[in-house]
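Coordinate analysis (summary)
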Amino acid sequence: MASPSTTADAVAPRSSPGDDNYLTHDKGIASWAFTLDHKRIGVMYLISVLCAFALGGTFALILRTELLTPGHTIIDHDTYNQMFTLHGAIMVFLVIIPGIPAALGNIILPLQLGAKDVAFPRLNLASYYLWITGAVLMLTSLAINAVDTGWTFYTPYSTTTSTAVVPAAFGAFVLGFSSIFTGLNFIVTIHKLRPPGMTWFRMPLFVWALYSTALIQVLATPVIGITLLMMIVERTLHIGIFDPALGGDPVLFQHFFWFYSHPAVYIMVVPAFGVIGDIIPVFSRKKIFGYKFIAVSSLAIAFLGFLVWGHHMFVSGQSVLAGTIFSAITFLIAIPTAIKVFNWTATMYKGVIHLDTPMLYALAFLWVFTIGGLTGVFLAVMSVDVHLTDTYFVVAHFHYVMMGGAITALMGGLHYWWPKAFGRMYDEKMGRLGAILVFIGLNVTFFPQFILGSRGMPRRYYNYLPEFQHLHMLSTFGAYTLGAGFLLTAYFLAKSLKHGKIAPANPWGGTTLEWQCPSPPPYYNFTKTPVVTQGPYDGYENLVYDEKIGGYLPRPNKAEA
Amino acid sequence: MTSMSILLALASEPKLPKLPDSPYFWMPPRVSTIAADSDFLYEAMTWGSAVCAAAIFYAMWHFCTKYRAKSRAANEVAGQSSEHNTALEITWSIIPLFVCIALFVGGFKGFVDIRTPPKGAMEIRATGQKWKWLFTYPGLGTPEDMLHVPVNTNVRIVINAVDVLHSLYMPVLRVKMDAVPGRYTDLWFKATETGDFPIFCAEYCGTSHSDMLSHLIVHPPGEYETWLSNTIAKADSVTGKDRGAMLYEKQGCSTCHTTDGTPKVGPSWKGIWGKSESMTGGGSVTVDENYVRESLMDPQAKIVLGFTPAMPTYKGKLSEKDIDGIIEYIKSLK
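Since the model is a prediction, treat every value here as computed from it, not as a measurement.

Calculation rules
- Residues numbered from 1 in each chain as written.
- Chains lettered and ligands numbered in written order.
- Predicted model: local features only at pLDDT ≥ 70, side-chain atom pairs only at ≥ 80, totals over all residues.
- Helix = DSSP H or I, 4+ residues; strand = E, 2+ residues; numbered from the N terminus.
- Buried ≥ 20, exposed ≤ 12 C-beta atoms within 10 Å, placed from the backbone.
- pLDDT = per-residue confidence, 0-100.
- Contact = placed C-beta atoms within 7 Å.
- Expected span 1.5 Å × (residues − 1).
- Bend = angle between axes of the 7 residues up to and from the residue.
- Pairing = 2+ DSSP bridges.
- Axes fitted to C-alpha atoms, helices over the stretch in contact; angles between N-to-C directions.
- Nonpolar A, V, L, I, M, F, W, Y, C, P; charged D, E, K, R; others polar.

Points about the environment of Pro504(A)
Residues and elements named next belong to chain A. Checked against the element boundaries, Pro 504 lands in the loop between helix H15 (469-499) and strand S1 (543-546). Of the residues examined, Pro 504 has 22 C-beta atoms within 10 Å and is grouped as buried. Sequence spacing of Pro 504 and Pro 222 is 282 residues, and the spatial spacing of their C-alpha atoms is 42 Å.

Looking at the confidence of the model for chain A
Looking at chain A, the pLDDT average stands at 92 and 96% of residues meet or exceed 70. Under a pLDDT of 50 for its full length, residues 1-18 of chain A has, in the predicted model, 26 contacts with residues more than four places off or in other chains.

Some remarks on helix H8 (residues 250-284) of chain A
Helical periodicity: at 3.6 residues per turn, an α-helix aligns residues three or four positions apart in one direction. Residue and element names in this part refer to chain A. Here H8 is 35 residues long and its end C-alpha atoms lie 51 Å apart, about the 51 Å a rise of 1.5 Å per residue gives. Of all the bends in H8, the greatest, near 30°, is centred on Trp 258. With respect to burial, H8 is a largely interior element, 32 of its 35 residues being buried. One or two positions beyond H8, positive phi appears at Arg 285, with a value near 50°.

Examining the pairing of strand S2 (residues 132-136) of chain B
Residue and element names in this part refer to chain B. With respect to burial, S2 is a largely interior element, four of its five residues being buried. Both strand S1 (residues 122-129) and S2 contribute to a ladder of five bridges, which runs antiparallel. Considered in S2, the bridge of Arg 125 is made with Thr 136.

Quick word on the environment of Lys119(B)
Residue and element names in this part refer to chain B. As for its placement among the helices and strands, Lys 119 is situated in the loop between helix H3 (86-115) and S1. The exposure class assigned to Lys 119 is exposed, which follows from the 7 C-beta atoms found within 10 Å. The sequence separation of Lys 119 and Asn 154 amounts to 35 residues, and the corresponding C-alpha distance is 8.9 Å.

Concerning the sheet that holds strand S4 (residues 154-161) of chain B
Backbone-to-backbone hydrogen bonds join strands into a sheet, with any given pair of strands oriented parallel or antiparallel. Residue and element names in this part refer to chain B. An order of S2-S1-S4-S7 is seen for the four strands of this open sheet, with the pairing classed as mixed. Of all strands in the sheet, those with a lone pairing partner are S2 and strand S7 (185-190), marking the two edges. Strand after strand, the sheet turns through a mean of 25° between neighbouring axes, direction not considered.

Observations concerning the interface of chain B and chain A
A common way to report how large an interface is uses the accessible area buried once the components associate. Facing 77 residues of chain B, the contacting portion of chain A comprises 77 residues. Considering every element that reaches the side of chain B that touches chain A, the biggest residue donor is H3(B), with 16 residues. Here the side of chain B that touches chain A is built from residues that sort into 45 nonpolar, 19 polar and 13 charged.

Description of the confidence of the model for chain B
Confidence along chain B averages 88 in pLDDT terms, with 95% of residues attaining 70 or more. Scored by ipTM, the complex comes to 0.89, with pTM at 0.90.

Below you can see the structure in the form of C-alpha cells.
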C-alpha cells in the first residue's frame, strides 16, 4: 500500500514496541514544534482547541452572569457586546470547526485506515500553525479593542464600528485556510491510503463523516475568505461593496456570509455524527443498524447544505420566491438527519449495552440532537420563522445543535479515544459524573431559551424586559452546572495522564483498526499494514474481555485452547 | 382601555414597554390576524415534536435498561438480530417527508400572507437609527417615537434604516422585518386588540441595541384620528425650548445624551452650553449655536474627547424651527 515516508528525521524503530510510542519517540520542544507525526499534530491541536474552549466558555459564563438581572449586573453594554462576539467567534472558528476533524481526526483517521500518517504531513503541520496564527490575530483584536460585530460580521456595522474588526476578520480568514488544508489532506488520505481490503463501504462511519466534512471545507471555505477580505477592503480603503453609503449592498454580504456559514454548520456537526456512529455499536456490542443509509446520508447532508443558506434571511428583504426555494430545500435536509437518529437508536435494539462514559455522551448527544433537530423544523417553516428568527429560540436551537451536538460528541470522542491517544485510563466514575453534569447543565441552560425566544426575547440583548428574568436566571444556573461539569472533566483527564491506569490496546472492544495497535500507538502506528476482511462493526464475537488488562483481546482459536 | 388612559399611563410611568400576560404558555398574546395562523403551525409542531422526542427518548431508555450488559467479563455480544431493514428505512424516510411537505406548504401560505400587504392599507413610515425607532405619519411633519395604529385596520409599515441594519419586531403581532440602509422593506398587519405592546429591535446594531425599544399603541375605533389631529396641532404650535424638549424625547437624543450630567454614549447636555470641550484629535471647541448645528448636520466632524463617533446625521430630518428648539433646550439645561 502507499505508505509515504512521514518524517525527515526517520530513526530506526526501537526493539520493543511497547516502550516506544509516539509520545516518547523523540524528546524536547523542537521534536513537537517541527513534528510531522499526525498524532503529535493532533495532540497539539487538541490542547490548543481545549484552551480556546476554556476561554470561550469563560466568556459564556460572564455573559450568563450579566444576564442574571436586566440592566447592569457586572459589565457594561459595550463589554457585553464584545464578549458575545468573541464567545461566538472563538467557539465557531477556533473550537468547533477544528475540534473533531483537526484534533480527534488527526489522531484517529490514519489509525482507522491502518496508515502511517496522513497523505501530506507537512501540509498538516502548516494547518496547525495557521490555526495558531488565526488565534493570535483574534487575541490581537481582543488586546486592541475587541471586535463587537457579532461573529457574523454583518455590514455596514462591521465596516463602521470603531472596534478592531480587521484583526479578527483576518484571523477568521487565516483559520479558513487552516480548515481547507485539513480538509484537502483528509480527502487525499481517504482516497489513497486505505489499506488492502477496505472498500468504501468498509470504512468506519467516522471516516465517512470526515470525508463529507472535508468536501465542505474545501468547497465552501474559500467563499468566507473572499467575503471577509472584501469587508476588510471596504473598511480600510472605502471601496463600496456592502455599505450602501458607498454604493454597496448589505444584503449581498449576508448571502456571501451564509453561503459559507450554513455549510459550516455541517462542518461542525457532521464529524459529530461520525463519532456517535463509531461509539454506539461498540458499546452496544452490535453491528450498526443501516450502515449504508448513515454513510450516504452524511454525503446527502453535505450536498444539500450548500443550497439552503437563504433560510437565515427570511426577513432580510430577500424576495418571497428566494425564501420559498430555500425553505423547501431546508426541509429536505430534515430527512437524512432523521434517518441518522432513527438508525442510531435502532442500533441499541437487542444490543448488549455498556453505559461507560463515551456511551453516556453518545446518549446525551441523541437526546440533545433530537431536540436541536426538531426545533430546526420550526425555523424552516417560513411563517413561524418570521416570529422566531433573531430571538432566543434561534440561540437555543443552535446551541442544542452546536454545543449539544458537536461539543457533546467531541467530549464523547475524547473519552472514547483518550486511552488510545495517551495510553492511560481516566477515572470512570468521575467520567460518568462529568457526563451527567454536562447533560443536565446543557438542558437547564438552553431549554428555557426556547421559551424565552417564543415569548419574544430578542437575541444579543444586554438589557431585557423584567418579564423575562426568571427564565434568564434558570438559564444562568444551568450554565454554572455546565461549567462545573467541564471543570471536573478537565481535572480528571489531566490527572489521568500521570496517575491513570495503563490503558490496554482495546479497552472498549472496538473492531476498527485503531484498536489493533498498542496504546499509545508506536511512531509508525502499525508494524505491519493491516488487511481488512470485514466491515467496521463486525466481529465483536471474536473479542474476549481480559480482566487483568482491563481490555479486549482476540479470541484464541478453539484448536489452541 | 381607552387610548387616552394608555397615553396618560405612559406619561407618568417609566418608558419601558410591557409584554402583557398571555393565555398561552409558549407564546405572547395574539394581537393580529396573522398570529392565529402562525401559532397553529407552531403548536402543531410543538405537539408533534414532543411525541417524536418522547418516542425516541423512551426507546433509548427502554433499550438501555432492557439490554444493559451485566459486565464486560460476561463477554456477551448481540445475537444476529437485524442489522438492516430496507422496508423500515423507507418507512421512516417517507413519513417525515410527508410531514415536511405539509409543514412547508403551511409555512409558505402563511409567509405569502405576511409578505403581501392588502391593497388600500394605511401607510406609516418606520425608520431605524442607532438606537431609536422613528415613525412618520401622513400629515405630520415631525416623526413620533411610538407606533400608533387603529384597531381592526390594515396597516402597512414601510421600513428603512439610516445607519446600520435594524429589525422591526412586534412579538404580539408575530411580525418582524429587517430595516436595511439604502432600500425599503415593508410589513403589514391588522391589529385585533387595543392596548400598549412592546416593539423591539431584533437585528444587532451596537451599544444600545437592547434599549432600542418602542411602544405599539393600538387605538379603539375613532381615537387614532383624534390622536393624530391633536399631535399635528401640537407639533406645529410648540416652539423654542419646549420644542427642543419634545424633540429630545422623540428624535432619539435621549438614548445617548442625558440631561442630568451623567455621560452616556454621548456627553450629557446638562451644563454643556458655553463650555470649552477638548476634541478627539486635538484642539477644543466652545459649545455654541454653530457647534450644536454642526453636530446635528455632520455629527462625525468634531467628537468630544472620550466619546465614540456613533451619532447618525439629522440632516434633512430637522427643520430650522427644530434646530432652534434644540439649541434653546440645551441652553436651558444649566
